[in-house]
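The primary structure of each chain is shown beneath.
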Amino acid sequence: VEGVRARGVEQKLVCVYIHSACIFQDAHNSSVLNNDVLGAFLKSRRVAGLSRPVEVQFWHDMVLDASNATCVFWQPGAGAGSAGSWSRDGCETTHREGTVICRCDHLTYFAVLLVHSPPSSFPLLPSLLPFSFFPPPLFLLPLAAPCRAVLCHAPPRCATQCRVPASTPCPASSRRQRPRDTTTRIHMHLLAALLLLNCSFLLSAPLAASATGLCQVTAALLHASLLCTLAWMAAEAFHLLLLLVKVYNVYIQHYLLKLCLFAWGLPVLAVVAVLVFKRDTYGYYTITISEGYRNMTMRVPSTRCWLTSSPAHKATLCYAGLVLLFNTLVLGRVMMAVRSIRRQEGQAKKDWVTVLGLTCLLGTTWGLAFFSFGVFLVPQLYLFTILN
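No experiment lies behind these values; they were computed from the predicted model shown. The numbers attached to residues start from 1 for each chain and follow its sequence in the written order. Since the coordinates come from a predicted model, pLDDT governs what is reported: local features require at least 70, and pairs of side-chain atoms require 80 or more to be given and counted, while whole-chain, interface and lining totals use all residues. Side-chain metrics in this entry use all non-hydrogen atoms of the structure; hydrogen atoms and water are not considered.

Trainee: How would you summarise the UniProt feature "transmembrane region" (unreviewed entry) in the protein chain if you had to cite specific residues and measurements?
Mentor: According to UniProt, the "transmembrane region" (unreviewed entry) feature falls on residues 186-209, 221-244, 256-277, 312-331 and 352-378. Helix and strand labels come from DSSP, where a helix needs a run of H or I of at least four residues and a strand needs a run of E of at least two; each type is numbered from the N terminus. Along residues 186-209 the backbone is 79% helical and 0% strand, and the end-to-end C-alpha distance reaches 36 Å. The span residues 256-277 carries 100% helix and 0% strand; its end-to-end C-alpha distance comes to 31 Å. UniProt positions are given in the numbering used here, feature names are shortened, and annotations may be inferred rather than shown by experiment.

Encoded structure:
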């Protein structure tokens, strides 16, 4: 078009809008988005091979991505009786929330071709997707109750001194601090972090329709509560390590205060710094669903207030991975000590109950989130939803 204009030839661009399901029908009876077809032509010549492609936008209110919607143009049939067909040659497709953007290097009739996915073998899977982002429910925390008796045990060499009920503190360490009170307070801090995480997660969806500033603050709150929850899980693991594996009468001055500075202070300080100096790290995040995993329960993309920066998202994953790795190693070491103590007391059958309580307490089941790819996706979603 620019070349024609440079030669001083006046051209008229003709645009045609067609809303019909029967005019452009190929041999496969293909469907186009909203039955909308847009035509663009120059009156005097055919235009192809444009260096700057033509951009056409189609609006919608459905769940669309590259797997089920693509930009096409109408290619007439070769013969008089042959039907034409839709072709993708020379067109690029870009998906945004509620919009499909088509960029083509020629002028003709344009549309968005809908690709019908085969029925999913897992019809409930889309309903599980929001829960795969959901933190563990608060009612799982009492499963750690079997660990209370374990927390008051020393290494095997001290087992004879610590055969007391869960409600009785270890006598050797009660002179300087009350371990059961400290343990209970750590549990309460973890419970508060989980409660904040659940509440901020529930608010992230409805507030995604609000102003950008409010959504960014909500995303920052969700991010901070997630980091704090992971930090308190690491604090639980460290506390278990001190009580059960290390010397049983170890004493740390201002122990709980230091844990609070680590688990509350550092994550909040990091999030506030990001919110102040790089505010666009938080914003609107759209959860897309892959091909074949859709049903009628999710017709529009799920938008939440969350991280929009890829480096920040990767840093959060690395942080979560390190915490879960540390907790898993501590869990393994603690279970070795517990098994030794249980054998001496003849209670080896209770090991599985203790393992369940410690696993929920340390959040190691969150590690399933790292297997959300390939053939592991479907089992991971079901297991993550059930266990968490």
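Trainee: Go over the state of the cysteines, please, and point to the residues and values.
Mentor: Disulfide: a covalent bond formed between the sulfur atoms of two cysteine residues. Count a disulfide wherever a pair of cysteine sulfur atoms falls within 2.5 Å. Overall, the coordinates contain three disulfides when judged by the stated rule. With its sulfur 1.9 Å from that of its partner, Cys 71 forms a disulfide with Cys 102. The disulfide joining Cys 71 to Cys 102 has a torsion of about -80° about its S-S bond and is therefore left-handed. Placement of the pair is Cys 71 in strand E5 (residues 69-75) and Cys 102 in strand E8 (residues 99-104), with a sequence separation of 31 residues. The buried label goes to any residue with under 20% of its type's maximum accessible area, the exposed label to any with over 50%, and the partly exposed label to all in between, with areas taken from a 1.4 Å probe on protein chains only. The class of Cys 71 is buried, set by a relative accessible area of 1%. Bridging Cys 215 to Cys 305, the disulfide has an S-S length of 2.2 Å. In this structure the cystine formed by Cys 215 and Cys 305 twists about its S-S bond by roughly -125°; its chirality is therefore left-handed. One end of the pair, Cys 215, is in helix H5 (residues 212-245); the other, Cys 305, is in strand E11 (residues 302-307), with 90 residues separating them in the sequence. Taken individually, Cys 215 and Cys 305 each receive the classification buried, so the pair is uniform in this respect. The connectivity of the disulfide bonds within the protein chain can be written as 1-3, 2-4, 5-6, using the sequence rank of each bonded cysteine.

Trainee: Account for the packing of aromatic side chains, with residues named and values stated.
Mentor: The aromatic pairing rule takes the rings of Phe, Tyr and Trp, using the six-membered ring of Trp, and pairs them if the centres are within 6.5 Å, calling planes under 30 degrees apart stacked, those over 60 edge-to-face and the rest tilted. For the coordinates displayed, the defined rule picks out eight aromatic pairs. An angle of 70° between the planes, with centres 4.9 Å apart, marks the rings of Phe 41 and Tyr 109 as edge-to-face. A residue pair is termed long-range when its members are at least 10 positions apart, and Phe 41 in strand E3 (residues 36-42) and Tyr 109 in strand E9 (residues 109-114) qualify at 68 residues. A relative accessible area of 27% means that Phe 41 is categorised as partly exposed. Looking at Tyr 109, the relative accessible area reads 23%, which means it is partly exposed. Through a chain of ring-to-ring contacts, three or more aromatic side chains come together here, namely Phe 24, Phe 41, Trp 74, Trp 86 and Tyr 109.

Trainee: Lay out unusual backbone geometry with the relevant residues and their values.
Mentor: Residues apart from glycine generally show negative phi values, whereas peptide bonds are mostly found in trans. Even without glycine at this site, Asn 34 takes up a positive phi of about 55°. Within the secondary structure, Asn 34 sits in the loop between strand E2 (31-32) and E3. Backbone geometry places Asn 35, a non-glycine residue, at a positive phi of 60°. Relative to the assigned elements, Asn 35 resides in the loop between E2 and E3. When its relative accessible area of 30% is taken as the criterion, Asn 35 is described as partly exposed.

Trainee: Which residues make up the sheet that holds strand E7 (residues 91-96), and what are the values?
Mentor: Pairing between two strands is assigned when DSSP locates at least 2 bridges connecting them. On the basis of which strands lie adjacent, the open sheet formed by three strands has the order E4-E8-E7 and antiparallel pairing. At either end of the open sheet lies a strand with only one pairing partner, and these are strand E4 (54-59) and E7. The average undirected angle you get between the axes of adjacent strands in this sheet is 20°. The axes used here are C-alpha line fits, helices contributing only the stretch in contact, and every angle between their N-to-C directions lies in the interval 0 to 180 degrees.

Trainee: How would you sum up a nonpolar patch on the surface? Please name residues and give values.
Mentor: Here the term patch refers to residues with relative accessible area over 30% and no salt bridge, with like charges joined within 9 Å and nonpolar side chains (Val, Leu, Ile, Met, Phe, Trp, Tyr) within 5 Å. Computed with the Shrake-Rupley method and a 1.4 Å probe, the accessible areas treat only the protein chains shown as cover for residues. The working definition used for a salt bridge is a side-chain nitrogen of Lys or Arg within 4 Å of a carboxyl oxygen of Asp or Glu. Taken together, the side chains of Leu 317, Phe 370, Phe 371, Phe 373, Val 375 and Phe 376 make up a nonpolar region of the molecular surface, amounting to roughly 620 Å² of accessible area. The residue Leu 317 is located in helix H7 (residues 310-345) in this model. You can call Leu 317 partly exposed: its relative accessible area is 41%.

Trainee: Outline the pairing of E7, supporting the account with residue identities and numerical values.
Mentor: Relative to E8, E7 runs antiparallel, the two sharing six bridges. Within E8, the residue paired with Thr 93 across the bridge is Cys 102. In this structure, the hairpin formed by E7 and E8 is closed by a connection of two residues, where Gly 98 is found at a positive phi of approximately 80°.

Trainee: Help me get a handle on the confidence of the model for the protein chain, residues and values and all.
Mentor: A score between 0 and 100, pLDDT records how confident the predictor is in each residue. Scored by pLDDT, the protein chain comes out at a mean of 75, with 70% of its residues at no less than 70. Summarising per-element confidence for the protein chain, the mean pLDDT is lowest in helix H3 (residues 147-151) (41) and highest in helix H6 (residues 255-277) (95). A low-confidence stretch, residues 118-178 stays under pLDDT 50, and its non-local contacts, those more than four residues away or across chains, total 118 contacts. Residue contacts follow a heavy-atom distance rule, with two residues in contact if any of their heavy atoms lie within 4.5 Å. Contacts for the low-pLDDT stretch residues 294-300, under 50 throughout, to residues beyond four places or in other chains number 20 contacts.

Trainee: Break down helix H9 (residues 377-387) for me, with residues and values.
Mentor: Restricting attention to buried positions, one finds in H9 the residues Leu 377, Val 378, Gln 380, Leu 381 and Phe 384. Buried residues of H9 fall within an arc of 165° about the axis and therefore sit on the same side. The arc in question is formed by the directions pointing from the helix axis toward the C-beta atoms.

Trainee: Mind laying out the side chain of Ser 204, listing which residues take part and the relevant values?
Mentor: One can find Ser 204 in helix H4 (residues 179-204). Among the residues examined, Ser 204 registers a relative accessible area of 0% and is labelled buried. A polar contact is formed between the side chain of Ser 204 and the backbone oxygen of Phe 201, at a distance of 2.6 Å. Sequence-distant contacts of Ser 204, that is, excluding residues within four places in its chain, are made with Thr 218, Leu 222, Thr 303, Arg 304 and Cys 305. Definition of a polar contact: a pair of N or O atoms within 3.5 Å, with one able to donate and the other able to accept a hydrogen when the atoms are protein atoms, and with sequence-neighbouring residues admitted only if both atoms are side-chain atoms.

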